[in-house]
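# Working through the structure, step by step
Here are the chains, one letter per residue:
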Amino acid sequence: MPELPEVETTRRGILPHIKSRRVTKIILRQEKLRWPITPALAKELPGQTFRSVKRRGKYLLLGTDIGTLLIHLGMSGSLRIVDQKRPVGKHDHVDIVLDDGHILRYTDPRRFGCMLWLQSDIESHPLLRSLGPEPLGSQFTGVHLFDRSRKRVAAIKSFIMDSRIVVGVGNIYASEALFLSGISPKRAAGKVSLRRYQKLAECIRQILQQAIKAGGTTLRDFTDSNGNPGYFKQSLRVYGRAGLPCMTCKKPLKEIRLGQRSTVYCSTCQT
DNA sequence: ACTTCGACCTGTTGGC
DNA sequence: TGCCAACAGGTCGAAG
């Protein structure tokens, strides 16, 4: 489900509801996520007040005075603000009950997400330590992509989806950004010119910003923290459009697999 | 250091 | 209608 725009949409949605709110209790219905939810989390979070709600790549970082709650939504996770009367669904694994009676509810059918309690040096945590720059930050440039890609033979799509290179670019937006920049997803990362990487960096930034503005992409079930879908799906040019005409040249879009991910592109417009 | 691939899960879709 | 395989927005960690 969530790539960077969907995670950012979630962050913005929950921020006003949880900032400065104290956790009164936590209800664990299923602790087996990608990694198990630890007893330490259940023990230490109650009583704490959320001071900050940040994002690093696709990780959400909910800061308190004594630790940080790190949440990843995996492939199918979501966070919603609900009230206490809301019925509990099959995949509603965690409720974080707040002092105003609302609940921050974590739902995740596939359980690829995680919820970890971090104490001390967030930066050096193994999951965060090796992450590349934020695509919407000033560190992310065409020069950065060019420098990191020299001698690499992997397909450029796999390269830009590698979180050590740049965070937050998943299958949808990688496909879209490559279409916008006219680069074939199959091209070896190491054989792309600086000029083209500058264009690509610009397109990645642009597509992510537009998607955030639209509230993310809802394919089947993504909604923001209030239950509203995102409207970026209608702006997708290639993802999910295999066989349909290219919006530029009208030829049918092709579909291949790269790094086990389905990849749609235009073999005429992308070279 | 880089690349590939299996693994983790459930739900949906499409073919027969 | 049922069954089964394939696939889905992610990414870690082992192995080559």
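In every chain, residue numbers begin from 1 and rise along the written sequence. Written order decides the labels, with chains lettered from A and ligands numbered from 1. Only residues with pLDDT of at least 70 are given local features in this predicted model, and only at 80 or more are side-chain atom pairs given and counted; all residues enter the totals for whole chains, interfaces and linings. The basis for the side-chain values is all heavy atoms of the structure; hydrogens and waters are excluded.

## Observations regarding helix H6 (residues 171–181)
Accessibility here uses a 1.4 Å probe with only protein chains present; expressed as a share of the type maximum, an area under 20% marks a residue as buried, one over 50% as exposed, and anything in between as partly exposed. The way it works is that DSSP assigns letters per residue, a run of H or I at least four long becomes a helix, a run of E at least two long becomes a strand, and they are numbered from the N terminus. Counting buried residues in H6 gives 10 out of 11 residues, a clear majority hidden from the surface. Of all the residues in H6, the buried ones are Asn 171, Ile 172, Tyr 173, Ala 174, Ser 175, Glu 176, Ala 177, Leu 178, Phe 179 and Ser 181. Should any heavy atoms of two residues lie within 4.5 Å, those residues are considered in contact. In the core, the buried residues of H6 are packed alongside helix H1 (4–18), helix H5 (156–160), helix H7 (194–213) and strand S10 (261–265). One or two positions beyond H6, positive phi appears at Gly 182, with a value near 75°.

## Overview of the sheet that holds strand S1 (residues 23–28)
Two strands are said to pair when DSSP picks up at least two bridges between them. Here 4 strands make up an open sheet; going across it, the order is S1-S6-S7-S5 and the pairing antiparallel. At either end of the open sheet lies a strand with only one pairing partner, and these are S1 and strand S5 (78–82). Neighbour to neighbour, the strand axes of the sheet diverge by 20° on average, direction disregarded. Of the pairings in the sheet, the one linking S1 to strand S6 (residues 92–98) comprises 5 bridges and is antiparallel in character. Its bridge partner being in S6, Val 23 is matched across the sheet by Leu 98. Helix axes use the C-alpha atoms of the stretch in contact, all axes being lines fitted to C-alpha atoms, and the angles between their N-to-C directions lie in the range 0 to 180 degrees. The strands that H1 touches are S5, S6 and strand S7 (103–107); relative to S5, the one it contacts most, it runs at about 35°.

## Concerning the pattern of salt bridges
Salt bridges are counted wherever a side-chain nitrogen of Lys or Arg sits within 4 Å of a carboxyl oxygen of Asp or Glu. Evaluation of the coordinates by the stated rule reveals 12 salt bridges. Between Arg 21 and Asp 99 there is a salt bridge, with its nearest N and O atoms 2.6 Å apart. Here Arg 21, found in the loop between H1 and S1, pairs with Asp 99, found in the loop between S6 and S7; they are 78 residues apart in sequence, far enough to count as distant. Judged by its relative accessible area of 28%, Arg 21 falls in the partly exposed class. For Asp 99, a relative accessible area of 33% gives the class partly exposed. Among the ionic pairs, Arg 55 bridges to Glu 134, the shortest N-O distance being 2.9 Å. One end of the pair, Arg 55, is in strand S2 (residues 52–56); the other, Glu 134, is in the loop between helix H3 (126–129) and helix H4 (142–149), and 79 residues separate them in sequence. Judged by relative accessible area, which is 19%, Glu 134 ranks as buried.

## A few points about the packing of H6 against H7
Remark: H6 packs on H7, axes separated minimally by 8 Å, with the N-to-C direction vectors making an angle of 130°. Taken together, H6 and H7 sit at an angle that is classed as oblique. Considering only the axes of H6 and H7, their crossing is right-handed. On H7, the residues touching Tyr 173, Glu 176, Ala 177, Leu 178, Leu 180 and Ser 181 of H6 are Lys 199, Leu 200, Cys 203, Ile 204, Ile 207, Leu 208 and Ala 211. Partitioned by chemical class, the residues of the contact of H6 with H7 number 10 nonpolar, 1 polar and 2 charged. Here is the rule for angles: anything less than 35 degrees is roughly parallel, anything more than 145 is roughly antiparallel, 65 through 115 is roughly perpendicular, and the remaining ranges are oblique. Helix crossings fall into two classes, left-handed where the near helix is turned counterclockwise from the far one by less than a right angle and right-handed where it is turned clockwise. Throughout, the ten residues Ala, Val, Leu, Ile, Met, Phe, Trp, Tyr, Cys and Pro are labelled nonpolar, Asp, Glu, Lys and Arg are labelled charged, and all others, Gly among them, are labelled polar.

## A look at the environment of Gln 234
Its location among the elements puts Gln 234 in the loop between H7 and strand S9 (254–258). Exposure remark for Gln 234: the relative accessible area of 65% places this residue in the exposed category. Separated by 20 residues in the primary sequence, Gln 234 and Ala 214 place their C-alpha atoms 10.0 Å from one another.

## Overview of unusual backbone geometry
Trans is the prevailing form of peptide bonds, just as negative phi is the prevailing case for residues other than glycine. Phi is positive for Lys 151, close to 70°, though the residue is something other than glycine. Mapped onto the secondary structure, Lys 151 falls in the loop between H4 and H5. A positive phi angle, close to 75°, is found at Lys 250, a residue other than glycine. With respect to the secondary-structure elements, Lys 250 resides in the loop between H7 and S9.

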